[in-house]
Amino acid sequence: MNHRKSKNRPVKWFDFKRNWQLWLMLLPAVVYVAVFCYGPMYGLQLAFRDYDFSKGLTGGAWAGMKYFEQYFSSPMFWPTVRNTFTIAFFSLICGFPIPIILALVIHSLKNQRWKKTVQTTVYLPYFISTVVLVAMLQILLSPSTGLLDHILKATGLFSESVNFLGTPSAFVPVYVLSGIWQMAGWNSIIFIAALSSVDGQLYDAAKVDGANRWHQVWHIELPALKSTIIILLIMNMGGILSVGFEKTFLMQNSLNKSVSEVISTYVFNVGVKSSQFSFGSAVGLFNTLINFVFLMAANLTAKKTSQISLM
C-alpha cells in the first residue's frame, strides 16, 4: 500500500508540471478573487467595533451586536427589507424565465443570418451603462416631454401627464421591465449554448413520432436545460437581496423614496454619507448573511428534489 502511494505522488506532480500553462492562465483569476473578494472580508470586523479614524479598522472598541440591534430597532428596518425583497422577488419571477423563452425562440430560427441578427440585437442593451439606461428612462418617461406620456395621451388612456419615476406604484414595474430589456439577451447566451449541444437525432425521432414544435420544446429542449436552469436559479437565489445599488440610487428621488430605499442605498445614505461606517458595515453584513441563507436553502432544496446542486 505504501509503495503504491509513493508511486502516485510523482504522477500528480508530473501532471502539474505538464499543465503549468493552464495553472498560469488560472493565476490572474485566483489573484483577483483573493484580493477583491476575500481581502475585503478583513473589514467585516468593523460591524462589531466602534470605528475610530485615528485607530483604523482594528483599533476601535469592541461593540458586539450593538449596530445590528440598532438596525433591527430602526424604523427603516422593515421598509428597507420589504423594498429590497419586493424588487428582488419581481425581478426574479419576471426576469428569470424571459431569457429561457428567448433562447428557445432564437434556437428555433432556421435562417442563420436572421438568427445572428436577432442575437446581436438582443445582446446590445447589455452594453449600455446603468447611468445611460436611467437617463434614457428619464427622457422616455418624462411627464412633460416623454414619448410614453405622449403615446398614452394620444390613445386616450390618460388625460393628464403621469410622472412614472415619481409615482411609488410605478417604480417597481419600471425597474423590473427595464432590467429585463437590458439583461434578457445577455442572460440567454448560456441557455442557447446548452441548446446547441442537443443531439439533432432527437428532433428527427420526434418528428417521425409526430411531435409538433411544442412537444419538442417540452420533451427535448426543456429537459436539456433542466440542470442549467436549476444551477442558475440557485445562484440567483443567493443574491435575492442584492438589488443593484447603482440603478436604484440613480432612479431614486424624494417622491419614490418610500419604495426605492433598499438595503444597499440605505447603507450608502446612512453608513457612508453620514460617516456611520460601523452601522453601515453591520447592515451590509446582515444583507450578506440573508443571501447566504437563501443560497444554502435553495441548494439543499434542489439537491433533494432533483439531485442537482452546486455542492
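The protein chain is annotated in an unreviewed UniProt entry as ABC transporter permease subunit from Candidatus Fusicatenibacter intestinigallinarum. UniProt lists a comment for the protein chain under the heading Subcellular location (unreviewed entry), and it reads "Cell membrane".

Before going further, it helps to examine the packing of helix H5 (residues 97-108) against helix H9 (residues 168-187). Where H5 contacts H9, the axes come no closer than 8 Å and their chain directions differ by 50 degrees. On the basis of the axis angle, H5 is oblique to H9. The crossing of H5 and H9 is right-handed. Every residue of H9 that contacts H5 at Ile 98, Pro 99 and Leu 102 is listed here: Ile 180, Ala 184, Gly 185 and Asn 187. Looking at the contact of H5 with H9 residue by residue, the class counts come to 5 nonpolar, 2 polar and no charged.

A separate point is helix H10 (residues 189-196). Among the residues making up H10, those that are buried are Phe 191, Ile 192, Ala 194 and Leu 195. Buried residues of H10, viewed axially, fall in a sector of 160 degrees; they line one side. Of the surrounding secondary structure, the elements contacted by the buried residues of H10 are H5, helix H6 (112-123), H9 and helix H12 (213-237).

What follows is about the pattern of salt bridges. Scanning all chains against the criterion turns up 2 salt bridges. Across the pair Lys 66 and Asp 50 runs a salt bridge, and its minimum N-O distance is 3.5 Å. On the criterion of sequence distance, the pair formed by Lys 66 in helix H3 (residues 66-72) and Asp 50 in the loop between helix H2 (20-38) and H3 is long-range, its members being 16 residues apart. For Lys 66, a relative accessible area of 41% translates into the label partly exposed.

With that settled, consider the nonpolar core. Residues Ile 87, Ile 100, Phe 191, Leu 225 and Met 251 are the most contacted members of the largest nonpolar core, which totals 46 residues. Where this core is concerned, the elements lending two or more residues are helix H4 (77-95), H5, H6, helix H7 (130-140), H9, H10, H12 and helix H16 (277-306). By residue number, the principal contributor to this core is H9, which donates 8 residues. With near-sequence residues (within four places) excluded, Phe 191 lies in contact with Pro 99, Ile 100, Ala 103, Leu 225, Thr 228, Ile 229 and Leu 232. Residues Ala 63, Phe 68, Ala 282 and Phe 286 belong to the second largest nonpolar core, which totals 16 residues.

Reading guide: rules and limits
- Sequence order sets the numbering: in each chain, residues are counted from 1 along the sequence as written.
- Confidence filtering applies because this is a predicted model: local features only for residues at pLDDT of at least 70, side-chain atom pairs given and counted only at 80 or more, and all residues used for totals across whole chains, interfaces and linings.
- The basis for every side-chain value is the complete set of non-hydrogen atoms in the structure, without hydrogens or water.
- UniProt positions are given in the numbering used here, feature names are shortened, and annotations may be inferred rather than shown by experiment.
- Angular values range over 0 to 180 degrees, each being the angle between N-to-C directions of two axes fitted as lines to C-alpha atoms, with helices fitted over their stretch in contact.
- A run of DSSP states H or I qualifies as a helix once it reaches four residues; a run of E qualifies as a strand once it reaches two. Both are numbered from the N-terminal end.
- Roughly parallel means an angle under 35 degrees; roughly antiparallel, over 145; roughly perpendicular, 65 to 115; everything else is oblique.
- We call a crossing left-handed when the near helix sits turned anticlockwise from the far one by less than a right angle, and right-handed when that turn is clockwise.
- What makes two residues a contact is simply this: any of their non-hydrogen atoms within 4.5 Å.
- Residues are sorted three ways: Asp, Glu, Lys and Arg are charged, Ala, Val, Leu, Ile, Met, Phe, Trp, Tyr, Cys and Pro are nonpolar, and all the rest, Gly among them, are polar.
- Between buried and exposed lies partly exposed: a residue is buried under 20% and exposed over 50% of the maximum accessible area for its type, with that area taken using a 1.4 Å probe on protein chains only.
- Of all possible arcs, the one meant is that of the directions from the helix axis to the C-beta atoms.
- A pairing counts as a salt bridge when a side-chain nitrogen of Lys or Arg comes within 4 Å of a carboxyl oxygen of Asp or Glu.
- Among buried residues, those of type Ala, Val, Leu, Ile, Met, Phe, Trp, Tyr and Cys that are joined through side-chain atoms within 4.5 Å constitute a nonpolar core.

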